[in-house]
Amino acid sequence: MKVKLILPALAEAESPFWRPIKYSLFPPLGLATLAAYLSPDDEIDLQDQHVEELNLDDSPDLVVVQVYITNAYRAYRIADHYRNQGAYVILGGLHVTSLPEEAAPHADSLFLGPGEETFPQFLIDFKKRQPKKIYSSSIRTLKGIPPIRRDLIKRSLYLVPNSIVVTRGCPHHCDFCYKDAFFEGGKTFYTQLVDDALAEIDRLPGRHLYFLDDHLLGNAKFASELFDGIKGMNRVFQGAATIDSILRGNLIEKAAEAGLRSLFIGFETFSPENLKQSNKKQNLEKDYTKAVNRLHDLGIMINGSFVFGLDDDDTDVFKRTVDWGVKNAITTSTYHILTPYPGTALYKNMEKEGRIRTRNWDLYDTRHVVYQTKQLTADELKTGYEWAYREFYSWANILTASWQHDLYKHKLKHFFYAGGWKKFESIWNFMIKTKNLTSMLPLLESILSKVKPNGPGDSKGEFDKFQINTLTKTAPVSMKPVYEKSA
Ligand code: B12
Ligand code: SF4
């Protein structure tokens, strides 16, 4: 059987503000997970439209499309195209799970929730020529799932080919998050067996790993055993976790020992009112600065996520948030305009209050104001959001934030990481065009390697020789003078 798996490009892919590098970070792990259930005799073509031109001139028997909210319209067009030529088309993913009735006219079968139980069941039914219209996931387990078909991933097209997920969902219930809607009807947080996760890590080449789990520290026992296993594997890794999990116990120290070098944290807002409104209990009355300092002491860089536009936000929120991030040496910040995703508690509340202003899903990318605001006008919110990005990533603020660290090496790491991510767009574009992104990995690994103090005061203030060598050897020619000048 000929099977085509497609991740259609998000609508932002056509925006002049599109940063190609952001969409060339991670391979389509969800589709590669599903591909593992296909037979070795199947002829499989996995295409990610963010990094390659979609070939629509083929004639597969079965087409599998992953639908996010801002690729939904494109996904439906692709589905219609293949159905018109006689292929059997199935749709699944977050948006289909939230709005199955919208997706239904474009699919032969629909999949709600995770696919590890339903997709293999569908394949059995499909072979018997008795596929159902809707498959809804209820059994939630990752025990015994087959290894992800990483051989189908075109590694050279991604900066982070070694992305991995070892859990599904999250133990919390923030009301703006997709999570409860997606996992409705079964467990909303579950993990792989530790041995299976370690075996998956072992299969990945190189040193760098990026855990895409919503909350890597969400199950303390699992995480602790996982870190015990990773220690000694000579890995460096990045992941995501909540503030309370960083402040509690010694899990974060174990993570650092195992190789954790950067963490994505949902700070979201400083307002207790906003936190209560969002049911973000795990952040309430938590000392954000204490969590930040603990991470810095462990040499872990921070990607802080902040949301603007909650009802308690006023016009000062943008400056307060940027200033706090710079003062506390947050390495990178991700700002979002509050977005009520269909299916979430936030969406239901706003719909009840008549506050949804548009249902054009292309605008639900957290860069547009799609709802009726309260204290801020829509214009103030949009302008403030754009200002925050510009301001946080100004050279002056990157430098000021970098220099908040005690150790000279931390200052440099911060400077390279934040500057490299946001300020070298033309270099990233060049590496993408020449299909050479993975050659940047040693550079990333080098920036993420452990900082060892050089003694009292860290006065020598140098990277290890190895780090300097890697930085200069692997940096593209046009980048070298920048590093040499700064280092
Ligand atoms: C990687 C990632 C990205 C990548 C996506 C590219 C890629 N290669 O997938 C990039 C960087 C581009 C990205 C961008 C954004 N993202 Co994002 N991202 C993720 C992340 C961290 C991991 C996705 C993943 O690989 N999951 C692991 C795999 C195994 O799960 P999966 O992909 O869901 O696939 C499973 C099922 O969905 C199902 N399935 C999926 N498709 C199909 C199809 C069929 C037919 C079947 C049977 C089953 C099926 O089967 C798979 C196995 O169970 C998730 C968080 C998460 N943990 O999932 C957020 C997440 C998807 N992103 C989110 C957001 C908010 C964004 C941004 C808006 C952020 C921003 N402001 O820029 C943008 C735009 C997204 C959009 N407009 O829809 C939200 C989703 C919100 C929503 N309702 O759509 C998430 C859930 C994070 C969160 N906790 O809020 N993201
Ligand atoms: S902590 Fe993050 S992933 Fe978990 S429910 Fe809240 S927003 Fe979603």
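Residues numbered from 1 in each chain as written. Chains lettered and ligands numbered in written order. Predicted model: local features only at pLDDT ≥ 70, side-chain atom pairs only at ≥ 80, totals over all residues.

Examining the site of ligand 2
Reasoning step 1: Cys170, His172, His173, Cys174, Cys177, Lys179, Asp214, His215, Thr242 and Gly266 make up every residue found near ligand 2.
Reasoning step 2: Taken together, the residues of the shell around ligand 2 break down into three nonpolar, five polar and two charged. (Near = placed C-beta within 6 Å. Nonpolar A, V, L, I, M, F, W, Y, C, P; charged D, E, K, R; others polar.)

Brief notes about the sheet that holds strand 3 (residues 62–66)
Reasoning step 1: Ordered in space as 2-1-3-4-5-6, the six strands form an open sheet in which the pairing is parallel. Looking at which strands have only one partner, the edges of the open sheet turn out to be strand 2 (43–48) and strand 6 (134–136). With strand direction ignored, the average angle separating the axes of adjacent strands in the sheet is 15 degrees.
Reasoning step 2: Pairing analysis gives three bridges linking strand 4 (residues 88–92) to strand 5 (residues 109–112), with the strands arranged parallel. Counterpart to Gly92 in the pairing with strand 5 is Phe111.
Reasoning step 3: Sitting on the sheet, helix 2 (residues 72–84) is in contact with strand 1 (2–7), strand 3 and strand 4, with an inclination near 160 degrees to strand 4. (Pairing = 2+ DSSP bridges. Helix = DSSP H or I, 4+ residues; strand = E, 2+ residues; numbered from the N terminus. Axes fitted to C-alpha atoms, helices over the stretch in contact; angles between N-to-C directions. Contact = placed C-beta atoms within 7 Å.)

Thoughts on the site of ligand 1
Reasoning step 1: The environment of ligand 1 is formed by 36 residues, the closest being Gly30, Tyr68, Thr70, Gly92 and Gly115.
Reasoning step 2: Only helix 1 (29–35), strand 3 and strand 4 provide two or more residues apiece to the shell around ligand 1.
Reasoning step 3: Of all the elements, helix 1 adds the most residues to the shell around ligand 1, at four residues.
Reasoning step 4: The class makeup of the residues in the shell around ligand 1 is 22 nonpolar, nine polar and five charged.
Reasoning step 5: Of the residues that make up the shell around ligand 1, three or more belong to each of domain 1 (2–136) and domain 2 (159–392). (Domains from an automatic or database assignment.)

Quick look at the domain arrangement of the protein
Reasoning step 1: Parsing the protein into structural domains produces domain 1 (2–136), domain 2 (159–392) and domain 3 (402–486).
Reasoning step 2: At the junction of the two partners, domain 1 supplies four residues and domain 3 supplies five residues.
Reasoning step 3: A breakdown of the residues in the side of domain 1 that touches domain 3 according to their chemical character gives two nonpolar, one polar and one charged.

Points about the sheet that holds strand 7 (residues 163–164)
Reasoning step 1: Ordered in space as 7-10-11-12-13-14, the six strands form an open sheet in which the pairing is parallel. Across the chains shown, the open sheet's two edge strands, defined by having one partner strand only, are strand 7 and strand 14 (332–337).
Reasoning step 2: Of the pairings in the sheet, the one linking strand 12 (residues 260–268) to strand 13 (residues 301–308) comprises six bridges and is parallel in character. The residue bridging Phe264 from the neighbouring strand is Asn303, located in strand 13.

Focus: the packing of helix 7 (residues 194–202) against helix 8 (residues 220–230)
Reasoning step 1: Across the interface, helix 7 lies against helix 8 with an axial gap of 10 Å and an inter-helix angle of 40 degrees. Compared by their axis directions, helix 7 and helix 8 come out oblique. Read as a crossing pair, helix 7 and helix 8 show a hand that is right-handed. Mapping the contact onto sequence places Val194, Ala197, Leu198 and Ile201 in helix 7 and Phe222, Glu225, Leu226, Gly229 and Ile230 in helix 8.
Reasoning step 2: Tallied by class, residues from the contact of helix 7 with helix 8 come to seven nonpolar, one polar and one charged. (Parallel < 35°, antiparallel > 145°, perpendicular 65-115°, else oblique. Left-handed = near helix turned anticlockwise from the far one by under 90°.)

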